[in-house]
Amino acid sequence: QVQLGESGGGLVQAGGSLRLSCAASGGTFSRYVMGWFRQAPGKEREFVAAINRSGASTYYADSVKGRFAISRNNAKNAVYLQMNSLKFEDTAVYYCAADDRILTAQRMSDMTPPSWGQGTQVTVSS
């Protein structure tokens, strides 16, 4: 069982940047495909980005492609989400997720992960 904890959220103006971090403990980090999801008030949780076990492959939702970048550091048991050119529509609670049942980053977009962090709030002002 892996435990996840997010940090780095906050308030930022539209057009600005934030970098989210997710620290993992327990389990073997390199065995997990890692990803980020987000949930805005009144909306369902949606997929944002994922990265495979080695970090060689990534996959993004169309809404963030070209603006967000996911990365991981297996030596530090950490995954990151660099968010640039933020829009008001990016406002949400962002959740880190882990799945050791899948192999590809794309698969996380349609298979709900079994492990989640508590979330970190990202608020983008217009």
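Caption draft 1: Spatial organisation of the pattern of salt bridges. As enumerated under the stated definition, the model contains 6 salt bridges in all. Among the ionic pairs, Asp90 bridges to Arg67, the shortest N-O distance being 2.8 Å. A residue pair is termed long-range when its members are at least 10 positions apart, and Asp90 in the loop between β8 (78-83) and β9 (92-99) and Arg67 in the loop between β6 (58-60) and β7 (68-73) qualify at 23 residues. A relative accessible area of 1% places Asp90 in the buried class. A relative accessible area of 11% means that Arg67 is categorised as buried. Between Asp110 and Arg107 there is a salt bridge; the shortest N-O distance is 2.1 Å.

Cut-offs and rules
- Residues numbered from 1 in each chain as written.
- Predicted model: local features only at pLDDT ≥ 70, side-chain atom pairs only at ≥ 80, totals over all residues.
- Heavy atoms only, no water.
- Salt bridge = Lys/Arg side-chain N within 4 Å of Asp/Glu carboxyl O.
- Helix = DSSP H or I, 4+ residues; strand = E, 2+ residues; numbered from the N terminus.
- Buried < 20%, exposed > 50% of the residue type's maximum accessible area, 1.4 Å probe, protein only.

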